[in-house]
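# A structural walkthrough
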Amino acid sequence: MTGYPLRGRDAVLGGLRSVAGGAVLVRGAEGLGKSALLTALRAAAGVRVLGVRGLRAERALPLAALQRMFGAALPDGAAVHRLLTTMSMPTLCWVDDAQWLDEESLAALAYAARRLTGHPVGVVLASRAASELFESVELAPLTDDAADALLRDRGVPAGVRPQLAELGGGNPADLVALAESLTPAQAAGREPVSPVLMSRLSRYAAHLAELSETDRVRLLANAAEAPADMSKATRSTWYAAASLADRRAAHAQLASTLEGPDRTWHRAMAAAAESASLADELATAPAADHATAARQLERAAALTADPALRATRLLAAVDAAWQAGRPGWARLLLSRVDSRLGEVALRHGEIELRDGDPAVATHELTTAAALLPDPAPALLMAGEARRLGGDLHGYRRLARRLSTKDDLVQAHFLGFTAMFAGRHDDAAEPLDETVRRGMAATDVAGAVWAAEAAFARGDAELAHECAAAAVGRARLQKRHAELPWALVYLSLSAIALDRLPCARAASRDGLHAPHNLRMEHLTLLGLAAALLGDRAPELDEAADGIAERGLGRPAAVAAWAHACLDLAEDRPDDALGRLEDLAAGVAGDQPAVRVLATPQLVEAAVLVEREDRAREALGIFDRWTRAGGSPSWRALSHRCHALTTPDTDDAGRHFRQAIECHRRAGSGMELARTQLHYATLLRRHRRTRDARDQFRDALRGFEKAGATRYAERARAGLRATGETVAAPHQSLAGLTPQQAAITRLVAAGETNKEIARRLVISHRTVDHHLRNIFTTLGVRSRVELARRVAVSERTRSTP
C-alpha cells in the first residue's frame with residue numbers, strides 16, 4: 001500500500017513543481033489512498049505545510065475550514081491570496097476530505113489558487129468527488145500486479161491472492177481489510193473467501209441511510225447501470241453497502257427504462273425469488289464479451305432451482321470468467337459448485353497450472369482424470385504441470401499409469417518419455433504422431449501440443465508453424481485465456497530460429513496473462529535481450545514470482561539468459577557455472593532448455609579450457625539436431641564443433657558450413673556471432689585479409705540486430721587487423737528496438753506512465769530502459785534526448 005501512494009505523490013508533486021504556483025484536486029473513492037498521498041506529500045515536500053481536514057459537522061458553517069487552516073478569520077479569497085503570497089518560504093496547502101468543506105472556504109481557496117502563478121505556493125485537495133472549481137486528477141484503483149504485491153507483502157498465500165484481488169477491486173484499504181480478515185481455513189484454500197467487509201460497508205451504509213429513498217435508489221442505479229465496471233471500487237462498495245431491497249429497487253428502475261439484454265439483466269437482478277423462465281432468458285441472452293457472459297450465467301445460476309442445471313450454469317460462468325482474464329472471479333465461482341467433482345477438479349487444475357502452484361495443479365488434474373469419462377485434457381495438462389515444475393520423475397510415473405486409449409495422449413507421453421531418456425530415435429514416431437493429431441484437431445490446445453512435440457523433435461520451423469496456428473485459433477475462437485499459452489511457444493520457437501524481434505513481439509502480447517504464463521513471457525523477453533548482449537529488467541521483475549511458485553521452466557530460461565549476459569560481459573566462468581547448475585536440474589529438470597542452451601555452454605567451456613565438458617554437451621546436442629534436421633540448429637552444431645576441434649582446417653570447414661546453414665535458415669544475430677568467432681580464428685592464424693572480411697560481415701549483422709556490445713567487439717577486431725573503423729555516428733544506434741520506441745515516445749512528449757500503457761510494459765521497465773538510454777546515448781535529460789531524436793530524424797532523411 002505504501003508504494004502506490006508514493007507513485008501518486010511523485011506525479012502530483014512533479015506537476016506542482018513544474019510551474020511556480022498551482023492547485024490540483026485528487027479525487028477517488030474511500031480507501032484508494034488519498035489521505036496516504038497527502039501524508040506522503042507533506043513528508044516529501046520540504047516546504048512549509050498548512051492544512052485542514054473537512055468536517056461534515058461544519059459543512060454548513062461559512063468559512064469554518066479557513067479559520068481552522070490559518071488560525072484566523074479570513075473574509076474571502078482575496079484575503080487568502082494576500083496571506084499565501086506573503087509567505088516567507090515555499091508553502092504547500094493541503095485539504096483532506098474536501099467534499100465536506102463549506103462552500104465559502106472552498107470557493108475562497110479556488111479564488112486564491114487561480115492567482116498563485118509566479119508564487120512558490122501549491123494547493124492540493126483530496127476529495128471523493130470532483131469540483132468544477134479545481135483541475136482534478138483521478139486516483140485510479142491498483143493494477144492487478146500492484147494488488148498482488150500488496151497482498152504478498154501481507155503474507156497472503158499465492159493461491160488465495162487472485163480471489164482477494166478480485167473482491168478488493170483495486171482498493172488498497174479493502175485489500176488490506178480482506179487480508180486481515182482471512183481465517184486459517186480460507187488462507188489454506190479450504191473455505192471460500194468472504195466478500196463482506198463489515199467495517200467498511202457499515203460506513204457506506206450509514207451514508208446511504210442519510211439519503212432519501214429516491215436519492216438512494218438513484219445512486220444505486222448509477223452504481224448498477226454499468227455492470228462491466230462492478231470491479232471498480234466506488235461502484236462496488238456503494239452497491240455492496242446497500243440493502244437487498246434497495247438494490248432490487250434500483251435494478252427494477254433500470255429495467256423499466258432499458259431494452260434488450262440490458263433489460264433482461266436488470267430484471268434478473270431485481271427478481272426476489274428463483275425463476276426458471278427468467279434464468280433461461282438470461283442464460284441464453286447475447287453477451288458482448290466473456291465478462292458479461294460470466295456475469296449473466298452467474299445470476300442465471302442463482303435463479304435456477306434445479307441443482308444439476310445450476311451447476312452447469314456455474315461451470316459455464318467459471319469458463320467465461322477464466323476466458324475474461326479474471327482468475328480470482330473464476331475461483332470464487334468454482335467454490336460455489338457442490339457437484340460435478342471431476343469437472344470442478346479439471347477447471348481448478350487448469351487455473352492452478354496457469355495462475356497458481358504446479359504441484360496443486362498436478363493433484364487436481366490427476367483427480368479429474370480419474371473422475372471424468374474423457375481424461376485426455378486432464379492428463380495432458382497434468383503432464384504439463386509436472387514439466388513446468390521440472391518434475392520428470394513425476395512425469396514418468398504419470399506416463400506409466402496412463403489408462404486412456406486416446407491416441408494423442410498416448411503418443412504425447414510416449415514421445416516425451418523417450419526424449420527425456422535420450423532415446424531420440426524411439427521418440428521420433430510418437431512425436432510426429434502428436435504433431436499430426438494435434439494439427440488435425442481444431443482447438444487451441446491441439447496446436448500447442450503439436451508445437452511442443454515438434455520442438456522436442458528438433459524441428460524449430462515446424463514448431464513455429466504449429467505455434468502460429470495455435471495463436472490464430474486462440475484469436476479467432478476468442479480463447480483469451482489460451483492465447484498467452486500459445487504465445488509462449490511462438491516466442492520460444494522464434495528465439496530458437498534467431499527471430500528475436502518476432503519473439504519479443506509475441507512475449508509482449510503475452511504479458512496480459514495469468515501469473516505463471518506472465519513469468520514465462522518475462523523470462524523470454526529477458527532471454528531475447530540477453531542474446532543481443534542487453535540486460536533487460538524483465539528478468540529481475542520475474543525473479544520473485546518464479547521462486548514463490550517453484551516454476552522450473554521460466555527459472556531455467558532465466559538461468560540461460562543470465563549465462564548469455566555473463567558471456568557478453570566476459571565472465572565465462574560464471575556462465576559455465578550457471579549452465580552446469582541448469583544441466584544438473586538445480587531449479588528442476590528442463591531437458592529442452594538445457595539442450596537449447598548448449599551453444600552457450602560450449603562457448604563458456606572452451607573459454608575456460610574445459611573442452612572435454614564442451615564435447616560432452618555437444619554430443620547430446622548433435623543427437624537432437626540430427627533427429628530434427630533444422631538448418632538453424634545444424635548451424636549452431638557446426639559452430640560448436642569449430643570451437644572444440646584442435647585442427648585449424650577442420651575448424652574453418654565447420655565455420656563455413658555453419659555460415660551456409662545460418663544463411664539458409666535466415667539467421668541474423670547467430671550468423672554474426674559465428675562470423676565473429678571465425679574472424680577471431682583467422683586473425684589468430686595471421687590470415688588478416690580473410691579475418692577482415694568476416695569482421696566486417698559480423699559488424700553489419702550486429703548493427704542490424706541492435707547488438708551494441710557485440711558490434712563493438714567486431715569493431716575492435718577490425719582495428720586489430722589494421723583497418724580504421726569510424727565510431728558510431730550520433731544517432732539512435734546502439735538502442736534496442738524497444739529502447740528506440742521509448743526514446744521516440746519521450747521525444748513526442750509522452751510521460752513514463754503513458755509510454756508504459758502504450759507499449760504494454762510496467763512503469764518500472766520504462767524507468768530502467770530510460771536510464772540505459774541516457775547512458776548509451778550520453779544524454780542527461782529528456783529535453784536533450786528529444787534533441788538527439790530530432791537530429792537523428794533529420795540525418796536519416798538527408799539524401
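In the block above lies the structure referred to throughout.
Reference entry: report on the structure contained in this document. (Residues numbered from 1 in each chain as written. Predicted model: local features only at pLDDT ≥ 70, side-chain atom pairs only at ≥ 80, totals over all residues. Heavy atoms only, no water.)

## Details of the nonpolar core
Formed by 134 residues in total, the largest nonpolar core has its most connected members in Trp633 and Phe702. Excluding anything up to four places from it in sequence, Trp633 contacts Phe455, Gly458, Asp459, Ala460, Ala496, Leu596, Phe621, Trp624 and Thr625. Formed by 34 residues, the second largest nonpolar core is a distinct cluster that contains Ala29, Leu37, Val217 and Met269. (Core = buried A, V, L, I, M, F, W, Y, C linked by side-chain atoms within 4.5 Å. Buried < 20%, exposed > 50% of the residue type's maximum accessible area, 1.4 Å probe, protein only. Contact = heavy atoms within 4.5 Å.)

## Comments concerning the pattern of salt bridges
In the structure shown here, the tally under the stated rule is 59 salt bridges. In this structure, the salt-bridge partner of Asp280 is Arg313, at a minimum N-O distance of 2.6 Å. Pair noted here: Asp280 is in helix 15 (residues 276-283) and Arg313 is in helix 17 (residues 307-323), with a separation of 33 residues, a long-range link. As a salt-bridge pair, Arg687 and Asp690 come within 3.0 Å of each other at their nearest N and O atoms. (Salt bridge = Lys/Arg side-chain N within 4 Å of Asp/Glu carboxyl O. Helix = DSSP H or I, 4+ residues; strand = E, 2+ residues; numbered from the N terminus.)

## Re the environment of Ala456
As for its placement among the helices and strands, Ala456 is situated in helix 25 (residues 444-457). Residue Ala456 is classed as buried on the basis of its relative accessible area, which comes to 7%. In sequence terms Ala456 and Arg757 are 301 residues apart; their C-alpha atoms lie 36 Å from each other. Not counting the four nearest positions on each side in its chain, Ala456 is found in contact with Phe416, Met419, Leu431 and Trp624.

## Quick notes on unusual backbone geometry
For Asp97, which is not glycine, the phi torsion reads 50° and is therefore positive. Tracing the sequence through the fold places Asp97 in the loop between strand 3 (91-96) and helix 5 (103-113).

## Focus on the sheet that holds strand 1 (residues 22-27)
Think of a sheet as strands paired side by side through backbone hydrogen bonds, with each pair either parallel or antiparallel. If you trace the five strands from one edge of the open sheet to the other, you get 2-3-4-1-5, paired in parallel fashion. The sheet is open, and its two edges are formed by strand 2 (48-53) and strand 5 (136-138), each paired on a single side. Each strand of the sheet is rotated relative to its neighbour by a mean of 20°, with strand direction disregarded. Pairing between strand 1 and strand 5: three bridges, direction parallel. Across the sheet, the residue bridging to Val26 is Val137, located in strand 5. (Pairing = 2+ DSSP bridges. Axes fitted to C-alpha atoms, helices over the stretch in contact; angles between N-to-C directions.)

## A closer look at helix 20 (residues 358-371)
With 14 residues, helix 20 should cover 20 Å at 1.5 Å per step; its first-to-last C-alpha distance of 20 Å lies within 8% of that length. Within the span of helix 20, buried status applies to Pro358, Ala361, Thr362, Glu364, Leu365, Ala368 and Ala369. Against the buried residues of helix 20 lie helix 19 (341-355), helix 21 (376-388) and helix 30 (538-549). Near the N-terminus of helix 20, the side chain that reaches the backbone nitrogen of Ala359, with its oxygen 2.8 Å away, is that of Asp357. (Expected span 1.5 Å × (residues − 1). Polar contact = N/O pair within 3.5 Å; in protein donor to acceptor, adjacent residues only side chain to side chain.)

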